[in-house]
Amino acid sequence: LRGQLAEARRQQRWVDRYNEGVRAQNANELEKARAAFVVVRDSTGDEPLRAKAAARIAELAGMLEFQRGMQAYQKKDYARSAQWTQRYFKEGGNDPAMRTVLLQSYYLGNDCTNVNKMLASVAEGNGGRRPAEEELQILANCLRDHVRARREHVDLESVEDTVASDWATPEEAHASAQLVRRVR
């Protein structure tokens, strides 16, 4: 009888721990919830409870990456946001909003190569679906910013002087210099 009572207490402890994980998950404390479910899965002898805990762990997998990706994005750590968002999709996530977060993380992290790859894969992977207008706008902004960054590496003052010196009259030189200033 004592052995049965001790086993019942042990089993109740695992049920309590599982319920603790459920409460944590409902409170959006995903790390705490995952830890509770892992302990139950790895320690209990109750197969139905073990299976429920394993199912909760699988459910949390994508949610953790989603949460971490959003936290990094909010902290403006765009490289880390892109990493967590990629993991979210590898874990089976399919929220279109996270696709937008990934695209924006690439853009804000100055990763035009991956912006371009993502948008190229849209048409290839989605039966020829064209990228949405806002996605194309992100690509256009990325390219514009890239061109601006490259232009800043050129000494525009020396270009202005060079262009202005090639003109025969002061008026032509002045007009040329104004054109170079507008390009800036």
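Above this note sits the structure.
Predicted, not measured: the structure shown is a model, and the values here were computed from it.

Draft legend 1. Examining the overall build of the protein chain more closely. Per the secondary structure count, the protein chain includes nine helices and zero strands. In the protein chain, the succession of α and β elements from N to C terminus is α-α-α-α-α-α-α-α-α. Burial statistics for the protein chain: of 184 residues in total, 32% are counted as buried. Summarising the internal contacts of the protein chain: among those between residues at least 6 apart in sequence, 44% fall at separations of at least 24. If you sum the accessible surface of the protein chain, you get close to 12200 Å²; carbon and sulfur atoms cover 51% of it.

Draft legend 2. Expanded view of helix α4 (residues 78-90). For α4, which comprises 13 residues, the first-to-last C-alpha distance of 18 Å matches the rise-based estimate of 18 Å (1.5 Å per residue) to within 8%. All of the buried residues along α4 are Tyr78, Ser81, Ala82, Trp84, Thr85 and Tyr88. Elements that come into contact with the buried residues of α4 comprise α3 (47-74) and α5 (96-108). Immediately beyond the C-terminal end of α4, within one or two residues, lies Gly92, with a positive phi of roughly 105°.

Draft legend 3. Fine view of the environment of Gly45. By secondary structure assignment, the location of Gly45 is in the loop between α2 (30-43) and α3. In this structure, the C-alpha to C-alpha distance between Gly45 and Gln11, residues 34 residues apart in sequence, is 8.2 Å.

Draft legend 4. Here's a closer look at the side chain of Thr85. Position of Thr85 among the secondary structure elements: in helix α4. Judged by its relative accessible area of 0%, Thr85 is buried. In this structure, Thr85 is in contact with Gly69, Met98, Val101 and Leu102, ignoring residues within four places of it in sequence.

Draft legend 5. Structural view of the environment of Lys32. Structurally, Lys32 can be placed in helix α2. The spatial distance from the C-alpha of Lys32 to the C-alpha of Gly21 is 6.9 Å, given a sequence separation of eleven residues. Among residues more than four places away in sequence, those in contact with Lys32 are Glu20 and Ala24.

Draft legend 6. Molecular detail of the nonpolar core. Ranked by size, the top nonpolar core spans 14 residues in total, and within it Tyr18, Ala33, Phe37, Val40, Leu49, Ala53 and Leu60 carry the most contacts. Leu103, Cys112, Leu139 and Cys142 belong to the second-largest nonpolar core, a separate cluster that totals twelve residues.

Draft legend 7. Representation of the packing of aromatic side chains in the model. All told, the structure shown has four aromatic pairs when counted by the stated rule. Residues Tyr73 and Tyr78 carry aromatic rings whose centres are separated by 5.5 Å and whose planes lie at 70° to one another, so their mutual orientation is edge-to-face. Overall, the relative accessible area of 17% leaves Tyr78 in the buried class. The structure contains a cluster of three or more aromatic residues connected by ring pairs, namely Phe66, Tyr88 and Phe89.

Draft legend 8. Representation of the pattern of salt bridges within the structure. Throughout the structure, instances matching the rule amount to nine salt bridges. Between Glu31 and Arg68 there is a salt bridge, and its shortest N-O distance comes to 2.1 Å. With Glu31 in helix α2 and Arg68 in helix α3, the pair connects residues that are 37 residues apart, well separated along the chain.

Draft legend 9. Focus on α2. Taking 1.5 Å of rise per residue, 14 residues should cover 20 Å, and α2 covers 20 Å from first to last C-alpha, within 8% of that figure. Among the residues of α2, Leu30, Ala33, Ala36, Phe37, Val38 and Val40 are the ones counted as buried. Buried-residue contacts for α2 involve α1 (2-26) and α3.

Draft legend 10. Just the packing of α1 against α3, in detail. At their nearest, the axes of α1 and α3 sit 11 Å apart, and the two run at 20° to each other. In terms of their interaxial angle, α1 and α3 are classed as roughly parallel. Of the two elements, α1 crosses α3, and the hand of that crossing is left-handed. Facing Gln11, Trp14, Val15, Tyr18, Val22 and Gln25 of α1, the residues of α3 in contact are Leu49, Lys52, Ala53, Arg56, Glu59, Leu60 and Met63. Across the contact of α1 with α3, the residue classes break down as eight nonpolar, two polar and three charged.

Conventions we followed
Residues numbered from 1 in each chain as written. Predicted model: local features only at pLDDT ≥ 70, side-chain atom pairs only at ≥ 80, totals over all residues. Heavy atoms only, no water. Helix = DSSP H or I, 4+ residues; strand = E, 2+ residues; numbered from the N terminus. Buried < 20%, exposed > 50% of the residue type's maximum accessible area, 1.4 Å probe, protein only. Contact = heavy atoms within 4.5 Å. Areas by Shrake-Rupley, 256 points an atom, 1.4 Å probe, with all protein chains shown as cover. Expected span 1.5 Å × (residues − 1). Core = buried A, V, L, I, M, F, W, Y, C linked by side-chain atoms within 4.5 Å. Phe/Tyr/Trp six-rings, centres within 6.5 Å; stacked < 30°, edge-to-face > 60°. Salt bridge = Lys/Arg side-chain N within 4 Å of Asp/Glu carboxyl O. Axes fitted to C-alpha atoms, helices over the stretch in contact; angles between N-to-C directions. Parallel < 35°, antiparallel > 145°, perpendicular 65-115°, else oblique. Left-handed = near helix turned anticlockwise from the far one by under 90°. Nonpolar A, V, L, I, M, F, W, Y, C, P; charged D, E, K, R; others polar.

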